[in-house]
Structure formats: structure tokens, C-alpha cells
Amino acid sequence: MSSMTLGPMLFASFLAVVVTMAVTASIGIRIGRHNVVDVSWGVGFVVIAAVSAVVGAGDLWRRLLMLALVGIWGLRLAWHMAVRSRGKGEDPRYEQMLGKASGSRTLYAIRKIYVTQGISLWFVSLPIQLSAVSSGGFNLLVLLGIVLWLVGVTFEAVADRQMAEFKSDPGSYGHIMDQGLWAWTRHPNYFGDACVWWGIFLVAASVWPGVLTVLSPIAMTYFLVFATGARLLEQHMAHRPGYREYQERTSYFIPRPPK
């Protein structure tokens, strides 16, 4: 890998992020719902992986592998979020955030939601970008990365499916989902998401200097656990009857047998 190949890669991915977030913002402003960013989150990574596969000058198999890993994860997540939000209003998280705007809610949303997500997209995707300009054989780290990715995407998909089935049951109204994977961790979908991105990092780290992108999966894990993921959801759910008891018997993030 050389700076001659990395520079165009970084610039191309930056442009991809700008275009993706500009389109997302225009849609969100037009329909009056900024939770469209939850759909574009997965799509944004797929766009970056596709651009990286085209612009990158590294091993073709490595570029295609990354595109496959990110594509399967990102498109599944985008579809899930689109179905979940269909016919509903604004997400309470964004309503709470926009309630703090002192001026134009639109400008506040662009700055706090779209620009912030764009920066996060670009930074978290650095392992994808660097892998696309790297060369090296298939080794143990690549295999471990694929296995961890598989564990993560399976965990996430199963958890989302279990929650969807729970919510579709009229008898579940007013109850807390504490079955299946949700009995082992209060946020199995976020845990699976973290595994996916640590797996992608391992693939990138299989050749030098991919290991230097370690801050990207750390940042993603931070978002999932402390920033916009589990912590905000816990705050939103805190008032629900039975949730305090659920917290006491169920692990917060890392899966663990229920008490």
C-alpha cells in the first residue's frame, strides 16, 4: 500500500459520505422525519464498501470480501429499519434531541444528526477503505474476522426477528421482551452489531497497516453502548413497568445466562 493509493481512496469515500448524507437529509426534511438516518446508516456503509471496491487498488478478493460482508450486514439492517419505521412518526430519540434546538430545527437537525452521522460513517468505515488498498494472502486473522462477523450478523438478525415477532403478538402489549436472546442481554442486536464491526476490523488488520484502524471498531462499540444506542434506549424504557426487574436479572450488553 502507498499514499498514492490511499489518498484517492479516502477522498472517494468522503465524497460518497457527503452525497449519501445530503440525499438522506433532503428526504428527512421533506417528509418531516429525521429517523431516515437509521435506514441510511446501513446503506451508507454499503455505498462506501462499493466505492472502495471500485477505487481501491488492493487485492480483488479482499475488496470483494469486504463488499460482501458489509453489503449483507448493511442491506439487512437498512431493510429492517425501513420496515420498523414504516407508517410511524418521528423516533422519540430525535424528538428529544430536536427539542433542545434554540433556533431553526432544520439547521439543528442537519448539524446534530446528519453531519454527525456522516463523520461517524466515514471514520468507522476506515477498515473498509484501508483494506481496499491493501494486499496480502488469506490468513488466520481473515478467517477469525469472517467467523466473528458471522456470529455478529446472526446474533443481530435473530434478535431483530425475535423482537418483531414479540411486537406482532397482541398479547405482548405492556410487557417487556425477555425471551430468546433478549434473556441473555438487554441489547442483543447492538452486541451483534459490535461483533460485525470487530470482525471487519480483523479482516483489515490481517495485513499492515490495517491494525492502525482499531479506533474505528472502538468508536462503533462506543456508539452502540454509550452514545446513541443502548444508553438512550435504556433511558427511554426506564419508565416501563417491569423494566427495572428486567435490568436486574439480565446482562446489559455482553450475553450472560439470566439470573
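Definitions and cut-offs
One numbering rule holds for all chains: residues counted from 1, following each sequence as written. Confidence filtering applies because this is a predicted model: local features only for residues at pLDDT of at least 70, side-chain atom pairs given and counted only at 80 or more, and all residues used for totals across whole chains, interfaces and linings. Values reported for side chains reflect all heavy atoms of the structure, with hydrogen atoms and water molecules removed beforehand. We count a stretch as a helix when DSSP gives it H or I for four or more residues in a row; a strand needs E for two or more, and each element gets its number in order from the N terminus. A helix is expected to span 1.5 Å multiplied by its residue count minus one. Here's how the labels work: a residue is buried when its accessible area is under 20% of the maximum for its type, exposed when over 50%, partly exposed in between, all with a 1.4 Å probe on protein chains only. Residues enter patches when their relative accessible area tops 30% and they take part in no salt bridge; the joining distance is 9 Å for like charges and 5 Å for the nonpolar side chains Val, Leu, Ile, Met, Phe, Trp and Tyr. Surface accessibility follows the Shrake-Rupley procedure with a 1.4 Å probe radius. Residue values consider only the protein chains on display as shielding. A carboxyl oxygen of Asp or Glu within 4 Å of a side-chain nitrogen of Lys or Arg is what we treat as a salt bridge. Only C-alpha atoms enter the line fits that serve as axes; for helices the fit covers just the stretch in contact. Angles between N-to-C directions range over 0 to 180 degrees. An angle below 35 degrees is treated as roughly parallel, one above 145 as roughly antiparallel, one from 65 to 115 as roughly perpendicular, and anything else as oblique. Two residues form a contact once any of their heavy atoms are found within 4.5 Å. By the convention adopted, Pro, Cys, Tyr, Trp, Phe, Met, Ile, Leu, Val and Ala count as nonpolar, Lys, Arg, Asp and Glu as charged, and the other residues, Gly among them, as polar. Under this definition, polar contacts are N or O atom pairs within 3.5 Å; protein pairs additionally need one hydrogen-donor-capable and one acceptor-capable atom, and for neighbouring residues in sequence, both atoms have to be side-chain atoms. Two kinds of site are reported from a 1 Å grid over the protein atoms alone, namely cavities, where a 1.4 Å probe fits but cannot get out, and pockets, open sets with protein on both sides within 12 Å along at least five of seven lines, and residues are called lining when an atom falls within 4 Å of a point. Grid points are joined across faces, edges and corners, and a volume is the space filled by probe spheres set on the points.

The next thing to look at is helix 8 (residues 188-205). The terminal C-alpha atoms of helix 8 lie 25 Å apart, and with 18 residues this matches the ideal 26 Å at 1.5 Å per residue to within 8%. Most of helix 8 sits out of view: 16 of its 18 residues are buried.

Once that is clear, we can look at helix 3 (residues 60-85). The terminal C-alpha atoms of helix 3 lie 37 Å apart, and with 26 residues this matches the ideal 38 Å at 1.5 Å per residue to within 8%. Taken from the residues just after helix 3, G87 is the one with a positive phi, measuring 80°.

The next subject is a nonpolar patch on the surface. Nonpolar side chains collect at one region of the surface, where W61, F138, L140, L141, L143, L144, V147 and V151 lie side by side and expose about 710 Å² of accessible area between them. Tracing the backbone shows V147 in helix 7 (residues 140-168).

Once that is clear, we can look at the packing of helix 5 (residues 105-124) against helix 9 (residues 215-227). The interhelical angle for the contact between helix 5 and helix 9, taken along N-to-C directions, is 140°, at an axis separation of 8 Å. Between helix 5 and helix 9, the interaxial angle falls into the category oblique. Packed against helix 5, whose contacting residues are S120, F123 and V124, the element helix 9 presents L215, S216, A219, M220 and F223 at the interface. In the contact of helix 5 with helix 9, the residues fall into 6 nonpolar, 2 polar and no charged.

Now for the side chain of R186. Relative to the helices and strands, R186 is located in the loop between helix 7 and helix 8. At 3.2 Å, the side chain of R186 and the backbone oxygen of Q247 are in polar contact. There is a polar contact of 2.8 Å between the side chain of R186 and the backbone oxygen of T250.

Its volume calculated, the second largest pocket comes out at about 170 Å³. Surrounding the second largest pocket, T20, V23, T24, I27, R33, N35, V36, V39, S40, V43, V47 and S85 form its lining. Contributions of two or more residues to the lining of the second largest pocket are made by helix 1 (3-31) and helix 2 (37-55). Among the residues making up the lining of the second largest pocket, the classes are represented as 6 nonpolar, 5 polar and 1 charged.

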